[in-house]
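Overview (structure and organization)
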Amino acid sequence: MDAEFWLERWQRREIGWHQDDINAHLQEYWPSLGVDSNTLVFVPLCGKTLDLLWLVSQGHRVIGVELVETAVQEVFAEQGLTPTVTDLPPFRLYQVDELRILCGDFFALTPEHLAGVGALFDRASLIAFPPEMRQQYADRLATLMPVPVPTLLVTLEYAQHERPGPPFSVRSEEVHALFDARYQVESLARLDVLEESPAYLKRRMTQLHEQVYRLSPSP
Ligand SMILES: C[S@@+](CC[C@H](N)C(=O)[O-])C[C@H]1O[C@@H](n2cnc3c(N)ncnc32)[C@H](O)[C@@H]1O
């Protein structure tokens, strides 16, 4: 999945992952992370998710990163907000009050960009990467945030041979393999969501589970 792939998805408006509502798991389980309200929250591969604004509404400062500029612009435009735009090569920074979005490649981030981050929300970010890139993603997060931060992670599980990704199926064994070294990984919820996922039913898929994890920094 290169930049061109994601640009095309946005250009063709093939953004089936985007939710018109705030993510239900975020609202239900974020409080269980126990992070202070003014904590700076990192949202990698943020798209134009409304979750960014919900986190701000909870008193957080938020920093997202998103490759595709249209997505970043729509976050603000859809709220009637006019962001300040600053060139910060290789990124462009969009900002309104407590919400900052770096437009550019996640893999170009440096620890300085994320200085002060105290929590992370990943919904459809890890699972946007093909298998060979997921270890790179986890390694990169560890480099960017040498001190691990409380994380809420939402993944999907299905029979990978029944459809290609993204989103990719990431099973719990893999989540543990990726994060156990730095985190205590706990499953908070596992939901069968096949019946409410028309795109998956249309493909005659046999299973689809949404899985929510809390990653707590290891003592
Ligand atoms: C599956 S979407 C999920 C978006 C968001 N997390 C949500 O829940 O709506 C993945 C997003 O990551 C962006 N993306 C993909 N690769 C990226 C990268 N290397 N750096 C930054 N953003 C990336 C894509 O443009 C896309 O908007």
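Residues numbered from 1 in each chain as written. Predicted model: local features only at pLDDT ≥ 70, side-chain atom pairs only at ≥ 80, totals over all residues. Heavy atoms only, no water.

For clarity, the cut-off: UniProt positions are given in the numbering used here, feature names are shortened, and annotations may be inferred rather than shown by experiment.
If you look the chain up in an unreviewed UniProt entry, it shows as Thiopurine S-methyltransferase from Thiorhodococcus drewsii AZ1. Listed under Sequence similarities (unreviewed entry) in UniProt, the entry text for the chain is "Belongs to the class I-like SAM-binding methyltransferase superfamily. TPMT family."

**Some points on the site of the ligand**
This is how it is decided: We call a residue near a molecule or strand whenever a single non-hydrogen atom of that residue lies within 4 Å of it. Polar contact is the term for a pair of N or O atoms within 3.5 Å; when the atoms are in protein, one must be able to donate a hydrogen and the other to accept it, and sequence-neighboring residues count only if both atoms are side-chain atoms. Using the Shrake-Rupley algorithm and a 1.4 Å probe, accessible areas are obtained, with residue cover drawn only from the displayed protein chains. Only Asp, Glu, Lys and Arg are considered charged in this grouping, and only Ala, Val, Leu, Ile, Met, Phe, Trp, Tyr, Cys and Pro are considered nonpolar; every other residue, Gly among them, is considered polar.
Neighbouring the ligand are 16 residues; Leu45, Glu66, Asp105, Phe106 and Arg123 lie closest to it. In the environment of the ligand, an oxygen atom lies 3.0 Å from a nitrogen or oxygen atom belonging to the side chain of Trp10. Between the ligand and Leu45 there is a distance of 2.9 Å, counted from a nitrogen atom to a backbone nitrogen or oxygen. Within the complex, the protein chains bury 95% of what would otherwise be the 590 Å² of accessible surface of the ligand. Looking at the shell around the ligand, its residues break down into 9 nonpolar, 4 polar and 3 charged.

**Some words on helix 1 (residues 3-11)**
Definition in use: Each residue is placed in one exposure class: buried if its accessible area under a 1.4 Å probe, protein chains only, is under 20% of its type's maximum, exposed if it is over 50%, and partly exposed if it falls in between. Only DSSP runs of H or I reaching four residues or more are called helices, and only runs of E reaching two or more are called strands; each is numbered from the N terminus. As used here, the arc belongs to the directions running from the helix axis to the C-beta atoms. Residue contacts follow a heavy-atom distance rule, with two residues in contact if any of their heavy atoms lie within 4.5 Å.
Along helix 1, the residues classified as buried are Trp6, Arg9 and Trp10. Angularly, the buried residues of helix 1 cover 95° about the axis, an arc narrow enough to put them on a single face. Buried positions along helix 1 lie against strand 2 (61-66) and helix 4 (69-77).

**Brief notes about the sheet that holds strand 8 (residues 183-192)**
Which entries qualify depends on this criterion: DSSP bridges decide pairing: two strands pair if at least two such bridges lie between them. Only the contacting stretch of a helix is used when fitting its axis, a line to C-alpha atoms as for every element, and angles between N-to-C directions run 0 to 180 degrees.
Reading across the sheet, the 9 strands line up as 3-4-5-2-1-6-7-9-8 and stay open at both edges, with mixed pairing between neighbours. The two strands at the open ends of the sheet, each matched to only one other strand, are strand 3 (84-88) and strand 8. Taken pair by pair, the neighbouring strands of this sheet meet at an average axis angle of 20°, ignoring direction. Here 5 bridges tie strand 4 (residues 91-96) to strand 5 (residues 99-103), and the two strands are oriented antiparallel to one another.

**Observations concerning the pattern of salt bridges**
Worth spelling out the cut-off: Salt bridges are defined as contacts in which a side-chain nitrogen from Lys or Arg sits within 4 Å of a carboxyl oxygen from Asp or Glu.
Inspection of every chain in the model, using the stated rule, returns 11 salt bridges. Between Arg171 and Glu157 there is a salt bridge, and its shortest N-O distance comes to 3.4 Å. Taken together, the positions of Arg171 in the loop between strand 7 (151-157) and helix 6 (172-179) and Glu157 in strand 7 put the pair 14 residues apart, joining distant regions of the chain. When salt bridges that share partners are traced, they join Arg13, Lys48, Glu74 and Glu78 into one network.

**Re the state of the cysteines**
Heads up, the rule is: In this description, a disulfide is simply a cysteine sulfur pair whose atoms lie within 2.5 Å.
Per the stated rule, a full pass over the model turns up 0 disulfides. Cys103 supplies the cysteine sulfur nearest to Cys46, a cysteine that is in no disulfide, at a spacing of 9.0 Å.

**Some remarks on the pairing of strand 1 (residues 40-44)**
Counted residue by residue, strand 1 has 5 buried out of 5 residues, so it is predominantly covered. Residues of strand 1 alternate between two faces, with Leu40, Phe42 and Pro44 on one and Val41 and Val43 on the opposite face, all of them buried. Strand direction decides the pairing type here: strand 1 and strand 2, joined by 5 bridges, are parallel. Paired with Val43 across the two strands is Gly64, which belongs to strand 2.

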